[in-house]
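# Observations on the model geometry
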Amino acid sequence: MKNQFLHILRSLDEKEIKDLILFAESPYFNTSERLIKLLKELVKYHPNYNFITSESIHKKVFPHLEYNDSTMRRLYTDCDKLLKEFLKYVNFEKNEFRINEIYRDEIGSRALTELYEKNTEEVEDMFNKDGLLEDLYFLYRSNFEADKFIYSYINKKLIRTGNITSETENLKNSSNLLFIYFLIKNIKLYVNVKTYQSMYSTNDPENIKNTIDSILNSFDKTKIKELFTLRDKDYSFIYTIYVNLFKMYSDSDNPKHFVEMKNDLNKNLDKFIIFEKRYLVQSMIDYCIQARIDNIKGVDFTNELIKLYELQLNKKLYIDSESTYLSLNLFRNILIFALNADKLKWAKKFVNIYANRLNPELKEDVVNYSLARINFTEGNYSQALSYFNEIRNNNLNLRIDERNMSLIIHYELGNFQLLESTIPSHRKYFKQNKVLSKDRKKTYLNFNTYFSRIVRLYGYRNHIYINRFIKEVKGENNLLFRDWFLKKANELLQQRRLTA
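Analysis parameters
- Residues numbered from 1 in each chain as written.
- Predicted model: local features only at pLDDT ≥ 70, side-chain atom pairs only at ≥ 80, totals over all residues.
- Heavy atoms only, no water.
- Helix = DSSP H or I, 4+ residues; strand = E, 2+ residues; numbered from the N terminus.
- Rg over C-alpha atoms; globule rule 2.2 N^0.38 Å.
- Buried < 20%, exposed > 50% of the residue type's maximum accessible area, 1.4 Å probe, protein only.
- Contact = heavy atoms within 4.5 Å.
- Areas by Shrake-Rupley, 256 points an atom, 1.4 Å probe, with all protein chains shown as cover.
- Patch = residues over 30% accessible without salt bridge, like charges linked within 9 Å, V, L, I, M, F, W, Y side chains within 5 Å.
- Salt bridge = Lys/Arg side-chain N within 4 Å of Asp/Glu carboxyl O.
- Axes fitted to C-alpha atoms, helices over the stretch in contact; angles between N-to-C directions.
- Parallel < 35°, antiparallel > 145°, perpendicular 65-115°, else oblique.
- Left-handed = near helix turned anticlockwise from the far one by under 90°.
- Nonpolar A, V, L, I, M, F, W, Y, C, P; charged D, E, K, R; others polar.
- 1 Å grid on protein atoms, 1.4 Å probe; cavity = no way out; pocket = protein on both sides within 12 Å on 5 of 7 lines; lining within 4 Å.
- Points joined across faces, edges and corners; volume = space filled by probe spheres on them.
- Arc of directions from axis to C-beta.
- Polar contact = N/O pair within 3.5 Å; in protein donor to acceptor, adjacent residues only side chain to side chain.

Next up on the list: the overall build of the chain. Each helix and strand counted, the chain has 25 helices and 2 strands in total. Whereas a compact globule of 500 residues would reach a radius of gyration of roughly 23 Å, the chain reaches 30 Å, over 25% beyond that. Its C-alpha atoms give the chain principal-axis dimensions of about 105 × 80 × 40 Å. Evaluated residue by residue, the chain yields a buried proportion of 45% over its 500 residues. Counting only contacts in the chain whose residues sit at least 6 apart along the sequence, the fraction spanning at least 24 positions is 62%. As displayed, the chain offers around 28,000 Å² of accessible surface, 50% of which is attributable to carbon and sulfur atoms.

Written as C-alpha cells, this is what we have:
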C-alpha cells in the first residue's frame, strides 16, 4: 500500500504513535469513528507498512461490508488531513516561547489583565533560565519586550502620568535583541552556504559575508558590549562565539578564530538549547575536518577533532526528535576518522563503549563492520574479510566500504585470480548505481581504475611504468586509499630493483 500519510506514520516514534491515537479520539479534532479504527489497525504494523493492502485493512475497519475502493480512498484522504494536523500540534508543543507568545496575544486581546501580568512574570523567569539560547530565543524575547511596552502604554496610561522613561527600556531591549537575532541568523546562513560550497562547488556567498562584515565594522567593542547587555545580564559571549564562528569560515587559514570560539563555547555550552549545541559543535567539527585536509598549521586538529567527538558523544548531541540512538553514519564517520588519524587505541575504545548507543537492531552488524576495519588497519586481512562477510545490513555506506576494501584485502592476500572477476563486477556496480551522486561515482570508479593498474603492475613490474604510476597517484589528492597505492607501488619498485 502506497500513500503519502504512511511516510508521516513511519516518522513517528512510539510515544508519538500513542499521542496520535489520543489526538484522533478527541472529538475536538476528529469525529469519525472509522478513522479511529483505521489508525488503530495501521499502527499495529508500525513502523513497517510495506505489506499492508487496502483490502486487508478494509476487512478490519468494515468487517461486514464488501470492499469499496472509493470508500478507502476517502478514508485515506481524511487520515492524511488528520496526520498533518497532528504534526502541526507536535511542532507547536515543542516551542514554549511561541506557545506563550500566542497565549499572551489572546489574553491581551480579551483584556484579561491579571492573567496577562501573571504570564509576563512566568515568561520573564523562563527567559532567564540556562539551556535555552539559540537564534529564535532572541527573536521571541525581542517580541516579548516590545509587547511589555505596548501593554504598559495601553493599560497604565504612561503618557498621562509621564512615567514613560523606564518603560521605554523595553523598546531598547527589544531592538538590541532583534539585532542579536539578525546577526546570528546571517552568520549561520553564511556558514551553511560555505559548507554547501565545499561539498557541491556552489557560488561563494560573498554578499552575505559583506553584509556581516559591514555590521561588525560599524561598531567598536564597547558599543557591542552595550548591545549585548540586557538588564545587567551580559550576553557578550554570544557575540564572540558567533563572530568567531563567522571568521572561522571566512578567514579559514587563521586557526585563532577556532581556538577563541572553542574556549568561549566550553565555558558557555550549557546555556544553549540542545539543537544549538549540536549546530555549534558540528560546525567546529566540519571546520577541523577541512583544516586537516588543507593542512592548516598552528593547531593539532587531529586531537581537537578527538576532543570534539568526545564532547559530542558525552553530551549526547547526536540525539534528535527522530531518534535517541547514535546514528550509524555518525558512528562510521568517527571510526574512519580515528583509524585514518592513527588513533587505533582510541578507535577500539570508541567501538567498545559507543556500540551500545546504537539501535540494537544495527549493533551486531556495525560491530562486525568496525572489527573488519580495525583488523584491516592492523594488517589482519583474513580476519577483516571474515568480519565483512558477517555483515547482513544493506546500508549503502557499509556495503560501499566493504566492496572497496575487499579489493585491497584480496590483493594483500594474493588472490589475483579472484580479482580478475571482482574488479569488473566492482566497476559495473558503481557504473549502474542510481543512488550515488555523480561525484561519489567518479571517486569509486577512479579508485577502480587505479586498482586495476596496480594489479597489472604487480605482474609486469617495469620500473618506468611504476614510477609513472607513483607520479600520477601523487597528483590525485582525492584518490581513495591514496597512501596504500603509494606504499604498494614503492614496494613493487623496490622488488624491481632487487631483481634487476
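That covers the picture; the talk isn't over yet.
What follows is about a nonpolar patch on the surface. The grouping of Tyr 28, Phe 29 and Tyr 89 at the surface amounts to a nonpolar patch, some 380 Å² of accessible area in total. Note that Phe 29 resides in the loop between α2 (14-25) and α3 (33-42). Note on Phe 29: relative accessible area 39%, which makes it partly exposed.

Moving on to the packing of helix α11 (residues 206-216) against helix α13 (residues 236-250). Helix-helix packing: each pair is described by the crossing angle between the helix axes and the interaxial distance. Remark: α11 packs on α13, axes separated minimally by 12 Å, with the N-to-C direction vectors making an angle of 135°. With respect to α13, the axis of α11 lies oblique. When you trace α11 past α13, the crossing you get is left-handed. Together, Lys 209, Ile 212, Asp 213 and Leu 216 of α11 and Tyr 239, Val 243, Phe 246 and Ser 250 of α13 make up the contact between the two elements. Looking at side-chain class alone, the contact of α11 with α13 contains 5 nonpolar, 1 polar and 2 charged residues.

Right, let's get into empty space enclosed by the protein. Evaluated as defined, the whole model comprises 2 cavities of 30 Å³ or more. Volume-wise, the largest cavity comes out at about 40 Å³. As for the largest cavity, its lining consists of Phe 97, Asn 100, Glu 101, Arg 104, Val 123, Met 126, Phe 127, Tyr 140 and Phe 144. Per element, the largest residue contribution to the lining of the largest cavity is 4 residues, and it comes from helix α6 (residues 96-109).

What follows is about helix α1 (residues 4-11). Within the sequence span of α1, burial applies to Phe 5, Leu 6, Ile 8 and Leu 9. For α1, the angular spread of buried residues about the axis comes to 155°, placing them on one side. Turned more than 90 degrees off the buried face of α1, the exposed positions are Gln 4 and His 7. In the core, the buried residues of α1 are packed alongside α2, α3 and α5 (69-94).

A separate point is the layout of surface pockets. Approximately 470 Å³ is the volume attributed to the second largest pocket. Together, 17 residues line the second largest pocket, and Lys 94, Asn 95, Glu 134, Ile 273 and Phe 275 are the ones closest to its centre. Put simply, the parts of the chain that give the lining of the second largest pocket at least two residues each are α5, α6 and α15 (274-293). For the lining of the second largest pocket, the per-class residue count stands at 8 nonpolar, 3 polar and 6 charged.

This brings us to the side chain of Ser 406. Here Ser 406 is to be found in helix α21 (residues 396-412). Residue Ser 406 is classed as buried on the basis of its relative accessible area of 12%. Of note is the side chain of Ser 406, whose polar atom sits 2.6 Å from the backbone oxygen of Glu 402.

Below, the discussion takes up the environment of Met 261. Within the fold, Met 261 resides in helix α14 (residues 256-268). Between the C-alpha atom of Met 261 and that of Arg 373, which follows or precedes it by 112 residues, the distance is 34 Å. Discounting residues that sit within four places of it in the chain, Met 261 has contacts with Ile 241, Asn 244, Leu 245, Met 248, Leu 280 and Met 284.

Moving on: the packing of helix α16 (residues 301-314) against helix α17 (residues 328-340). Between α16 and α17, whose axes approach to 11 Å, the crossing angle comes to 155°. Considering the angle they form, α16 stands roughly antiparallel to α17. Crossing handedness for the pair α16 and α17: left-handed. Here α16 contributes Thr 302, Leu 305, Ile 306, Tyr 309, Gln 312 and Leu 313 to the contact with α17, which in turn contributes Leu 330, Ile 334 and Phe 337. For the contact of α16 with α17, the per-class residue count stands at 7 nonpolar, 2 polar and no charged.

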